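# Chain and residue survey
The primary structure of each chain is shown beneath.
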Amino acid sequence: MNATQTLIALWTLVLKEIKRFTRIWPQTLLPPSITMAMYFIIFGNLIGSRIGDMDGFSYMDFIVPGLIMMSVITNSYSNVASSFFSNKFQRSIEEMMVSPMPNWVILSGFILGGMARGLGVGLIVTLVSLFFTRLTVEHPLLTVLVVVLTSALFSIGGFINALFANKFDDISIVPTFILTPLTYLGGVFYSISMLPDFWQGVSMLNPILYMVNVFRYGFLGVSDIPVGWALAAIVAFITALFMVALAMLERGKGIRS
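Keep in mind it's a predicted model, so treat the numbers as computed, not measured. (Residues numbered from 1 in each chain as written. Predicted model: local features only at pLDDT ≥ 70, side-chain atom pairs only at ≥ 80, totals over all residues. Heavy atoms only, no water.)

## Brief notes about helix α3 (residues 30-51)
Taking 1.5 Å as the rise per residue, α3 with 22 residues should run 32 Å; its terminal C-alpha atoms sit 29 Å apart, in good agreement. Those residues of α3 that are buried lie in contact with α2 (25-28), α4 (59-89), α6 (103-129) and α8 (173-184). (Helix = DSSP H or I, 4+ residues; strand = E, 2+ residues; numbered from the N terminus. Expected span 1.5 Å × (residues − 1). Contact = heavy atoms within 4.5 Å.)

## A few points about the layout of surface pockets
Put simply, the largest pocket is a space of about 300 Å³. For the largest pocket, the lining is made up of 15 residues, of which Tyr77, Leu153, Phe154, Gly157 and Leu241 are closest to its centre. For the lining of the largest pocket, the elements supplying multiple residues, two or more each, are α7 (140-164), α8, α10 (207-220) and α11 (227-251). Per element, the largest residue contribution to the lining of the largest pocket is 5 residues, and it comes from α7. Classifying every residue of the lining of the largest pocket by side-chain character gives 13 nonpolar, 2 polar and no charged. Taken as a whole, the second largest pocket spans an internal volume of roughly 250 Å³. Thr35, Met36, Met70, Thr74 and Asn75 are the residues nearest the centre of the second largest pocket, which is lined by 16 residues in total. Where the lining of the second largest pocket is concerned, the elements lending two or more residues are α2, α3, α4 and α8. (1 Å grid on protein atoms, 1.4 Å probe; cavity = no way out; pocket = protein on both sides within 12 Å on 5 of 7 lines; lining within 4 Å. Points joined across faces, edges and corners; volume = space filled by probe spheres on them. Nonpolar A, V, L, I, M, F, W, Y, C, P; charged D, E, K, R; others polar.)

## Remarks on the UniProt feature "domain: ABC transmembrane type-2" (unreviewed entry) in the protein
In the numbering adopted here, UniProt assigns the feature "domain: ABC transmembrane type-2" (unreviewed entry) to residues 23-252. Taken as a whole, residues 23-252 contains 76% helix and 2% strand, while its terminal C-alpha atoms sit 30 Å from one another. (UniProt positions renumbered as here; feature names shortened; annotations may be inferred.)

## Description of the nonpolar core
The biggest cluster of nonpolar side chains holds 77 residues, and the ones touching the most others in it are Phe40, Leu67, Phe84, Phe110, Phe154, Phe159 and Phe189. Broken down by secondary-structure element, the contributors of at least two residues to this core are α1 (3-23), α3, α4, α5 (92-98), α6, α7, α10 and α11. Take this core: its biggest share by element is 16 residues, from α4. What Phe40 contacts, discounting residues up to four positions off in sequence, is Asn45, Met60, Val64, Leu67, Val125, Val128, Ser129 and Phe132. (Core = buried A, V, L, I, M, F, W, Y, C linked by side-chain atoms within 4.5 Å. Buried < 20%, exposed > 50% of the residue type's maximum accessible area, 1.4 Å probe, protein only.)

## Some points on the packing of α4 against α8
Axis separation between α4 and α8 bottoms out at 11 Å; the angle between their running directions is 160°. The angle between the axes of α4 and α8 places the two elements in the roughly antiparallel class. By crossing handedness, the relation of α4 to α8 is classed as right-handed. On the side of α4, the interface is formed by Met70, Ile73 and Tyr77, while α8 contributes Val174, Pro175, Leu179 and Thr183. Its residues placed into classes, the contact of α4 with α8 shows 6 nonpolar, 1 polar and no charged. (Axes fitted to C-alpha atoms, helices over the stretch in contact; angles between N-to-C directions. Parallel < 35°, antiparallel > 145°, perpendicular 65-115°, else oblique. Left-handed = near helix turned anticlockwise from the far one by under 90°.)

## Remarks on the side chain of Ser33
Tracing the chain through its elements places Ser33 in helix α3. Residue classification places Ser33 among the buried positions, given a relative accessible area of 10%. Polar side-chain contacts of Ser33 include one of 2.6 Å to the backbone oxygen of Leu30. In contact with Ser33, other than residues within four places in its own chain, are Ile124 and Val128. (Polar contact = N/O pair within 3.5 Å; in protein donor to acceptor, adjacent residues only side chain to side chain.)

## Structural notes on the packing of aromatic side chains
Applying the stated rule across the entire model yields 10 aromatic pairs. Relative to Phe168, the ring of Phe85 has its centre 4.8 Å away and its plane inclined at 80°; by these criteria the two rings are edge-to-face. Placement of the pair is Phe85 in helix α4 and Phe168 in the loop between α7 and α8, with a sequence separation of 83 residues. The class for Phe85 is buried, based on a relative accessible area of 1%. When its relative accessible area of 40% is taken as the criterion, Phe168 is described as partly exposed. One aromatic cluster is present, built from ring pairs that chain together Tyr39, Tyr184 and Phe189. One cation-aromatic arrangement involves Arg216 over Phe62; the distance from NZ or CZ to the ring centre is 3.8 Å. (Phe/Tyr/Trp six-rings, centres within 6.5 Å; stacked < 30°, edge-to-face > 60°. Lys NZ or Arg CZ within 6 Å of the ring centre and 35° of its normal.)

Below, the structure written as structure tokens:
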């Protein structure tokens, strides 16, 4: 395939993925916005008024970046995991594998589709948050960069999950038992400076903590973790997981469910 044909193939796959989740938007886009609105009401307004300030900001302002990032993470991951496994289950992925499309195009197409949903939901949640607080963005470019990188990282993670999955139940194991706990313990609702020294050290092992803190830094200008280290860690994770996913795809591992 020449460069033009490769771009057409990539765009076609991305467009297919976008149409897939927008066609069923009441299931893919609406529920996250309602869920996050409940978080804003319960944690931000009701509980937040009793907690007071966090790192010099109102509790609502403090948790908004974390909740936006949480929605981006979960939707980027779940979109690719469910979509690619559906293609495995229906055997349509085998048609892609025998087509002239390079494997990196197949992988990139699913990743970009997952990013489209994750970033789309993140934008919706951001708009919903405006009903509860006034957002200020201290570092706009950094904010956009980190949310795009995070969406890409968890889209790749969802792809790897789908490769390993043998049945539909398998694509919910990682989000339920790993992703959700790490997200809730990733500083979305609190600053790790509140924790004892030992638990602060344990929290540093949670990769989601770095993403949430850099994203919060983009909004508020405060972070519990050096921003440069966090960005370097995110880029390193993306590079490593992309290479792993591509190697698995080239070997055909997990294609037959």
